[in-house]
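# Per-entry structural report
Here are the chains, one letter per residue:
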Amino acid sequence: MCIKFIHPQRARCRLCHAPALPELSLCEGCLTALPRLVHACPRCALPMEASAPPETPCGECQADPPAFELSRVPLRYEAPVSDLISHFKYRRGLSDGQLLAQLLARHVRDTTLDVQLLLPMPLHPSRLRERGYNQAAELARTLSRATGIPWNSTLLRRTKAAPTQREANKRERRRNVRKAFVCESKNLPRSVAIIDDVVTTGSTARAAAAAVKLAGAERVEIWAVARTPKPGD
Ligand SMILES: [Zn+2]
Ligand SMILES: [Zn+2]
């Protein structure tokens, strides 16, 4: 007679296939090795030198303060984070999206939150049709479950398609995204967080935050999984 024992399968680490931590598809080692964003502008998350005075905004935020109050960004946009984000964004790797949202949730849960609504960074409708889904909305959905803060994917909308930002210089980028967003003022609470996967130049976050402020929010935070390592601005 053959008796089979069925062991419950422990989840595996997404990066190295070792047994994963509970509630996170990463093992302890891979979690510790992730490229953390440690030295950064508290306002826009621009990576800064380790020698820069802590809690001091970067030169640009001092000279031209953005409409958002602060950014919460746990990671640098480097491998393996960049691979997870690309897989999630362009190949609809939803389990990677869950993992990225969990990492962001752990980061924001460590602090006292003064946010009443999560708004995913919107895609222009034509881009949404092309890609099939908005990765920022997937992040916001998981973050909402993890934090208990409600989310809404229709209040903030994109009315102008984004050109290829990488090729434009800073002034062009700012011009391209200015007035690219509208926000419904209905049901907007005092303090709002805009959710995105990556902050690349900050121009998009500035424009979206300005639209949310125009709609009546008093405080806006930017929550993103990663910040590109090069200033780019
Ligand atoms: Zn691992
Ligand atoms: Zn800054």
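In what follows, the accompanying structure is described. On a predicted model such as this, the values are computed, not experimentally measured, just so you know.

What counts and how
Residues numbered from 1 in each chain as written. Chains lettered and ligands numbered in written order. Predicted model: local features only at pLDDT ≥ 70, side-chain atom pairs only at ≥ 80, totals over all residues. Heavy atoms only, no water. Buried < 20%, exposed > 50% of the residue type's maximum accessible area, 1.4 Å probe, protein only. Helix = DSSP H or I, 4+ residues; strand = E, 2+ residues; numbered from the N terminus. Pairing = 2+ DSSP bridges. Donors = N, O, S within 2.8 Å, 3.2 Å for Na, K, Ca; no water. Tetrahedral: all angles 85-135°; square planar, octahedral: opposite > 155°, others 65-115°. Phe/Tyr/Trp six-rings, centres within 6.5 Å; stacked < 30°, edge-to-face > 60°. Axes fitted to C-alpha atoms, helices over the stretch in contact; angles between N-to-C directions. Parallel < 35°, antiparallel > 145°, perpendicular 65-115°, else oblique. Left-handed = near helix turned anticlockwise from the far one by under 90°. Contact = heavy atoms within 4.5 Å. Nonpolar A, V, L, I, M, F, W, Y, C, P; charged D, E, K, R; others polar.

## Points about the pairing of strand E3 (residues 117-120)
Of the two faces of E3, the one holding Leu 117 and Leu 119 and the one holding Leu 118 and Pro 120 are both buried throughout. Bridge count for E3 against strand E6 (residues 191-199) is four bridges, and the pairing is parallel. Looking across to E6, one finds that Pro 120 is bridged to Ile 195.

## Let's talk about the coordination of the zinc ion (ligand 1)
Binding of the zinc ion (ligand 1) to the protein goes through Cys 13 (SG), Cys 16 (SG), Cys 27 (SG) and Cys 30 (SG), at separations of 2.3 Å. Classification of the site at the zinc ion (ligand 1) as tetrahedral follows from its four donor atoms and the range of 104 to 116 degrees in their angles at the metal. Sequence spacing of the donors to the zinc ion (ligand 1): C-x2-C-x10-C-x2-C.

## Notes on the coordination of the zinc ion (ligand 2)
Every protein donor of the zinc ion (ligand 2) is listed here as Cys 41 (SG), Cys 44 (SG), Cys 58 (SG) and Cys 61 (SG), and their distances to the metal cover 2.3 Å. Classification of the site at the zinc ion (ligand 2) as tetrahedral follows from its four donor atoms and the range of 104 to 114 degrees in their angles at the metal. Between consecutive donors of the zinc ion (ligand 2), the numbers of intervening residues give the motif C-x2-C-x13-C-x2-C. Side by side, Cys 41 and Cys 44 carry an identical accessibility label, which is buried.

## Some thoughts on the packing of aromatic side chains
A full pass over the atoms with the stated rule returns one aromatic pair. Taking 6.1 Å as the distance between ring centres and 75 degrees as the angle between the ring planes, the aromatic pair formed by Phe 88 and Tyr 133 counts as edge-to-face. Residue Phe 88 is found in helix H3 (residues 81-90), and its partner Tyr 133 is found in the loop between helix H5 (125-131) and helix H6 (135-147); the two are separated by 45 residues along the sequence. Exposure remark for Phe 88: the relative accessible area of 0% places this residue in the buried category. Among the residues examined, Tyr 133 registers a relative accessible area of 4% and is labelled buried.

## Points about the packing of helix H4 (residues 94-109) against H6
Across the interface, H4 lies against H6 with an axial gap of 9 Å and an inter-helix angle of 45 degrees. With respect to H6, the element H4 is oriented oblique. As for how H4 packs across H6, the hand of that crossing is right-handed. The segment H4 lies against H6, with Leu 94, Gly 97, Gln 98, Leu 100, Ala 101, Leu 104, Ala 105, Val 108 and Arg 109 engaging Glu 138, Leu 139, Thr 142, Leu 143, Arg 145, Ala 146 and Thr 147. Class assignment for the residues of the contact of H4 with H6 results in nine nonpolar, four polar and three charged.

## Describing the environment of Leu 99
Mapped onto the elements, Leu 99 comes out in helix H4. Residue Leu 99 is classed as buried on the basis of its relative accessible area of 0%. Spatially, the C-alpha atoms of Leu 99 and Phe 88 are 9.8 Å apart, while their sequence positions differ by eleven residues. In this structure Leu 99 touches Arg 14, Leu 24, Ser 25, Leu 26 and Leu 84, once residues within four positions along its chain are discounted.

## Some points on unusual backbone geometry
In this model, Ala 79 is joined to Pro 80 through a cis peptide bond whose omega is 0 degrees. Structurally, the position occupied by Pro 80 is in the loop between strand E2 (75-76) and H3. A positive phi is found at His 17, a non-glycine position, where the angle reads about 70 degrees. Position of His 17 relative to the elements: it lies in the segment before helix H1 (28-33). By relative accessible area, which is 55% here, His 17 ends up exposed. The phi torsion at Arg 92 lies on the positive side, around 55 degrees, for a residue other than glycine. With respect to the helices, strands and loops of the structure, Arg 92 is situated in the loop between H3 and H4.

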